Amino acid sequence: MQTFNEQAIAQVKKVLSTSKKIVIVAHRSPDGDSIGSSIGLYHYLQKKGFEVNVCHPDPAPYFLEWMTGIDEIKNAEEHTDIVKSQIQKADLIFCLDFNTMSRTGKLADDLINANATKIVIDHHLDPSDEFDIVFSETTSCSTAQLIVDFIDALGDIELLDKNIGEALYTGIMTDSGSFRFPSVTAHTHEVIATLMKGGVQPYKVHEAVFDTNTFDKLRLRSYAINEKMEIIDEHKTAITWLNKAELERFNYVKGDTEGLVNVGLSIIGVRKSIFLMEGDGIIKISFRSKGEDNPVNVMANTYFHGGGHANASGGKWEGSMDEAIAKIKSVLPEFD
């Protein structure tokens, strides 16, 4: 398993020995890793006898609603007062799958001002100094994998069961592109083997996540591929975009475009795929790439107020869709 800093683990054990109210938070626009990590840690801490609440900035996507325990999540959009109160009352807050408080959106100020001890478990670059105890491993394929290592470091690997395992398997599977990204290592598969011994059946989790589609979702994705994808051969890049009117036309709900950016990357000869979507007054941008020599996080950080992993990053553009696409095309030659 991943070797964590022994001093930090000792700190965690000490904090847990006196903690009475624990809160788990994750980043806004939740995905399989942030949800899976949160639910997996929730089940583990409950099994240890702690009072624990999961507080997220916004609702989980519908394709994760099958997960046992997901109904325990309170989100700030629908349960504003409850979330604020639980954060204020907490004496320990686990911050999962984000490297800076700003990634939690409207929860950021409440978290920064909270008196609780803050523990971050994350795999993104450059964690901020807003946390008291830091478990950061950028080579890990997912935060969910780190949660398994964290539980092991606390001496509780035998507590892994089906509910904990299915949540954490979901996080690992989704953030690793179903185990096809370069971040997947032999250790990843050792972790998966451990989860399977605890009762996880991988095919059932895969079906629950990827084979739960609405007709509108499939129509939207087909439209995006057929009508809104452009291949820029000289830069080996696929660009796909959807505006607000198009999303409304296909009755878009959160999660319908999950993984759409990877479709462009699957095309022969394409090494970068960029997906843009209009929402919340900005253009949200997802960047993906193939190869250790072909990072996209620098582009996301330099020009689009974002960042992330070398081959998987996010960003935004505060302007029109046409302006965002034009900007991407103008800077692509810098990253060939």
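To be clear, the structure that these remarks concern was listed above.
What you are looking at is a predicted structure, and each value in this text was computed from that prediction instead of being measured.

1. A word on the overall build of the chain
Right, on to step 1. Looking only at helices and strands, the chain has 13 helices and 12 strands in total.
Right, on to step 2. Here the chain has a C-alpha radius of gyration of 20 Å; the compact-globule value for 336 residues is 20 Å, and the two agree.
Right, on to step 3. For the chain, the C-alpha atoms occupy an extent of roughly 55 × 40 × 40 Å along the three principal directions.
Right, on to step 4. By the burial criterion, 52% of the 336 residues in the chain qualify as buried.
Right, on to step 5. Counting only contacts in the chain whose residues sit at least 6 apart along the sequence, the fraction spanning at least 24 positions is 66%.

2. Description of the side chain of Asn-311
Right, on to step 1. Note that Asn-311 resides in the loop between strand 11 (307-308) and strand 12 (312-317).
Right, on to step 2. Accessibility expressed as a relative area gives 18% for Asn-311, which makes it buried.
Right, on to step 3. One polar contact links Asn-311 to Ser-289, side chain to side chain, over a distance of 2.8 Å.

3. Overview of the pairing of strand 4 (residues 92-96)
Right, on to step 1. Among the 5 residues of strand 4, 5 are classified as buried, and the element is accordingly described as predominantly covered.
Right, on to step 2. As paired strands, strand 4 and strand 5 (residues 117-122) are joined by 5 bridges and run parallel to one another. What sits directly across from Phe-94, in strand 5, is Ile-119.

4. Things to note about the sheet that holds strand 6 (residues 133-136)
Right, on to step 1. With respect to topology, 6 strands assemble into an open sheet ordered 3-2-1-4-5-6, the strand pairing being parallel. The open sheet has two free edges, formed respectively by strand 3 (73-75) and strand 6, since each of these has just one partner strand. Strand-to-strand twist across the sheet, computed as the mean angle between neighbouring axes with direction ignored, equals 20 degrees.
Right, on to step 2. When strand 1 (residues 21-26) meets strand 4, the two strands line up parallel, connected through 5 bridges. Among the inter-strand pairings, Ile-24 is bridged to a residue of strand 4, identified as Phe-94.
Right, on to step 3. Each of strand 1, strand 4, strand 5 and strand 6 is contacted by helix 1 (residues 6-18), which is oriented at about 130 degrees to strand 6, the strand it contacts most.
Right, on to step 4. Against the sheet, helix 3 (residues 80-89) contacts strand 1, strand 2 (51-56), strand 3 and strand 4, and its axis sits at roughly 110 degrees relative to strand 3.

5. As for the packing of aromatic side chains
Right, on to step 1. Taken as a whole and judged by the stated rule, the model has 10 aromatic pairs.
Right, on to step 2. Here Tyr-169 and Phe-179 contribute two aromatic rings whose centre-to-centre distance is 5.8 Å and whose plane-to-plane angle is 55 degrees, an arrangement assigned as tilted. With a gap of 10 residues between them, Tyr-169 in helix 6 (residues 162-175) and Phe-179 in the loop between helix 6 and helix 7 (186-197) connect regions that are remote in the sequence.
Right, on to step 3. Taking relative accessible area as the criterion, Tyr-169 reaches 6% and is therefore assigned buried.
Right, on to step 4. With a centroid separation of 5.7 Å and 45 degrees between ring planes, the pair formed by Phe-287 and Phe-304 is classed as tilted. Linking Phe-287 in strand 10 (residues 282-289) with Phe-304 in the loop between helix 12 (297-303) and strand 11, this pair joins segments that are 17 residues apart in sequence.

6. What about the pattern of salt bridges?
Should their charged atoms come close, side chains of opposite charge can pair.
Right, on to step 1. Taken as a whole and judged by the stated rule, the model has 11 salt bridges.
Right, on to step 2. The salt bridge involving Lys-21 is made with Glu-51; its shortest N-O contact spans 3.1 Å. With Lys-21 in strand 1 and Glu-51 in strand 2, the pair connects residues that are 30 residues apart, well separated along the chain.
Right, on to step 3. On the accessibility criterion, Glu-51 (41% relative accessible area) is partly exposed.
Right, on to step 4. As a salt-bridge pair, Lys-329 and Glu-230 come within 3.0 Å of each other at their nearest N and O atoms. Of the two residues, Lys-329 sits in helix 13 (residues 321-331) while Glu-230 sits in strand 7 (residues 229-232), which places them 99 residues apart along the sequence.
Right, on to step 5. Assessed through its relative accessible area of 34%, Lys-329 is described here as partly exposed.

About the cut-offs
- Each chain carries its own residue numbering, running from 1 in the written order of its sequence.
- Side-chain atom pairs in this predicted model are given and counted only at pLDDT of 80 or more, local residue features only at pLDDT of at least 70, and totals for whole chains, interfaces and linings cover all residues.
- As a rule here, side-chain values come from all non-hydrogen atoms in the structure, and water together with hydrogens is ignored.
- In DSSP terms, a helix is any run of H or I states spanning at least four residues, a strand is any run of E spanning at least two, and both are numbered starting from the N terminus.
- With the radius of gyration taken over C-alpha atoms, the globule rule is written as 2.2 Å times the number of residues to the power 0.38.
- Working definition: with a 1.4 Å probe on protein chains only, accessible area under 20% of the residue-type maximum means buried, over 50% means exposed, and in between means partly exposed.
- Two residues qualify as a contact provided that any one of their heavy atoms is within 4.5 Å of a heavy atom in the partner residue.
- Here a polar contact is taken to be a pair of N or O atoms separated by no more than 3.5 Å, where protein atoms must pair a possible hydrogen donor with a possible acceptor and residues adjacent in sequence count only if both atoms sit in side chains.
- By this definition, two strands are paired if DSSP reports at least two bridges between them.
- Here an angle of 0 to 180 degrees is reported between the N-to-C directions of two axes, which are lines fitted to C-alpha atoms, with helices fitted over the stretch in contact.
- A pair of aromatic rings is counted whenever rings of Phe, Tyr or Trp (Trp by its six-membered ring) have centres within 6.5 Å, and the orientation is called stacked for planes under 30 degrees apart, edge-to-face for over 60 and tilted otherwise.
- The salt bridge criterion pairs a side-chain nitrogen of Lys or Arg with a carboxyl oxygen of Asp or Glu, the two atoms within 4 Å.

Take it as geometry only, folks, not as evidence of what the structure does.
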